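# Architecture at a glance
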Amino acid sequence: MPTISSTDYLLDQAKRRFTPSITNFPGMSMVEKRLLTHDWPQHAMAEPPPDSSLKPVMGDAGLPIVGHMIEMFRGGPDYIHFLYKTRGPVLFADSPVLPAVTALGPDAAQIIYSNKNKDYSQQGWVPVIGPFFHRGLMLLDFEEHMFHRRIMQEAFVRTRLAGYTEQVDTVVSQVIANDWVANDARFLLYPAMKELTLDIASMVFMGHEPGTDHELVTKVNKAFTTTTRAGNAIVRKPVRPLTWWRGIQARKTLEDYFAARLTETRGSEGTDMLSVLRQAEDEDGQRFTDADIVAHMIFLMMAAHDTSTSTMTTMAYHLAANPEWQDRCRDESARIGDGPLDIEALDKLETYDLVINEALRMVTPLPMNFRRAVCDTDLLGYFIPAGTDVVTWPSLNHRLEELWTDPDKFDPDRFTEPRNEHKKHRYAFAPFGGGAHKCIGMVFGQLEIKTVMHRLLRKYRLELVRPGYKPRYDYGGMPVPLDGMPIVLRPLR
């Protein structure tokens, strides 16, 4: 009779308990259920050195050509949760597209994000988005990354953020008052938010007034969307007219746009982020080149408007579904009133902070992070050879029962004293990443979200299109609601 280790036994028992819940999600097809419960043949990614006590990382290839992309795109964090409960924290996804080690749980995240021995580089992002966001801050490593981050930090000091907040409020007040449709169940919040955040980014980052250059803004928005989604391509070669090729063409469009904008504004002393990056320097007087600025602006624009769009859409849905929290936020906003906003006023919206955190926990805009091992290393007792791409999933940590009480429930109070569930582990809650690469625009994003939601709740009551409505998501990149997230806006007066 074959023997089984205690670890294998526990994983087997977890799989038996967990499979029924994972295979009963609404909308899951019989094919998807069979894929989840299929017993794929396992093999070792690489054998540890003979004198090592490390374990090999085990995994499988899934279906021919597509691997496990069906389960990933349809299930997103739910599928990753299933893997964690049934396979453990370290496994090999032998994908024909992006083979990588999947590192799950807060302990794995802490090792990789803290990166104390510099075992991991950002080059794990290169096969995913390298051609579209190369030389962006997130793709730089070690000393070069710190050099660029020191200069870029000038664009995110509090005095700069104060100026950006005024600009954000100008755009938001105009768009929400004039462009959004009330009392209409056909109004789709996600595309409306996406257009709004691009208008904000156009003014804050480049100095474009809202409503101007509509044709150009539409072209830029389309290019951003194309580049963001291109990382999900199955055929990862520039074959016309496939997704990867379109992403590369869109990158060229963005390069031409920002290069032209640099030429257009040269010599001016603007307060937009493009001008700030052009003027910023480190303590030694070193500045960015034009090519650096173009690369950083392309990345920052993508990061700023896509992540904020996702967070605000999730936040609006849960406020509509939980009117008691909507009332709490609105009461807080009433104490500020309808006057011009500044950072000091936004700091007083403490209930908003709780709701933002809970929205980020429930639908994390950047659900995974990529790294690459630069040397042979040990991850939780498993052998990771040099050159291995490693994927962490903070969105999984945000839903673990051992860290969060009733994790599928919208409960912003979990972030308050004495519960402080986000403090149960250093990486229980990490929507902005961690370590040296923690999001540089985190505070700007929070101020933007508060501004938008404050203005929205001062003007409208948010309602679901029907009782019990729940959105479903496309997890082909950042999570996107498949139906555009219809929300009814009821004017308050």
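Here goes a summary of the coordinates provided.

Rules used throughout
Residues numbered from 1 in each chain as written. Predicted model: local features only at pLDDT ≥ 70, side-chain atom pairs only at ≥ 80, totals over all residues. Heavy atoms only, no water. Axes fitted to C-alpha atoms, helices over the stretch in contact; angles between N-to-C directions. Helix = DSSP H or I, 4+ residues; strand = E, 2+ residues; numbered from the N terminus. Parallel < 35°, antiparallel > 145°, perpendicular 65-115°, else oblique. Contact = heavy atoms within 4.5 Å. Nonpolar A, V, L, I, M, F, W, Y, C, P; charged D, E, K, R; others polar. Left-handed = near helix turned anticlockwise from the far one by under 90°. Salt bridge = Lys/Arg side-chain N within 4 Å of Asp/Glu carboxyl O. Buried < 20%, exposed > 50% of the residue type's maximum accessible area, 1.4 Å probe, protein only.

Below, the discussion takes up the packing of helix 13 (residues 290-321) against helix 14 (residues 323-336). In the contact formed by helix 13 and helix 14, the axes pass within 5 Å of each other and the chain directions differ by 110 degrees. Looking at the two axes, helix 13 sits roughly perpendicular to helix 14. Note on element contacts: helix 14 touches helix 13 through P323, W325, Q326 and C329, opposite L319, A320 and A321. For the contact of helix 13 with helix 14, a count of residues per class yields 6 nonpolar, 1 polar and no charged.

Before going further, it helps to examine the packing of helix 9 (residues 189-206) against helix 13. The relative placement of two packed helices is expressed as an angle between their axes plus a distance between the axes. Orientation of helix 9 relative to helix 13, taken along the N-to-C sense of each, is 140 degrees, at an axis distance of 9 Å. Along this stretch, helix 9 crosses helix 13, giving a crossing that reads as right-handed. Only M297, L300, M301, A304, H305, D306, S308, T309, M312, T313 and A316 of helix 13 make contact with helix 9, whose side of the interface consists of L189, Y190, M193, K194, T197, L198, A201, S202, F205 and M206. Class assignment of the residues belonging to the contact of helix 9 with helix 13 gives a composition of 13 nonpolar, 6 polar and 2 charged.

As a further point, take the pattern of salt bridges. Inspection of the entire model under this criterion finds 30 salt bridges. In this structure, R361 and E358 form a salt bridge, with 2.8 Å as the shortest nitrogen-oxygen distance. Highlighted residues: R361 and E358, both in helix 16 (residues 350-362), separated by 3 residues, approximately one helical turn. Looking at R361, the relative accessible area reads 0%, which means it is buried. Overall, the relative accessible area of 0% leaves E358 in the buried class. Here R414 ties to E358 by a salt bridge, and the two come within 3.1 Å at their closest N and O atoms. One end of the pair, R414, is in the loop between helix 17 (394-397) and helix 18 (442-459); the other, E358, is in helix 16, and 56 residues separate them in sequence. Like E358, R414 is buried. Members of the salt-bridge network, linked through shared partners, are E358, R361, D411, R414, R419 and E421.

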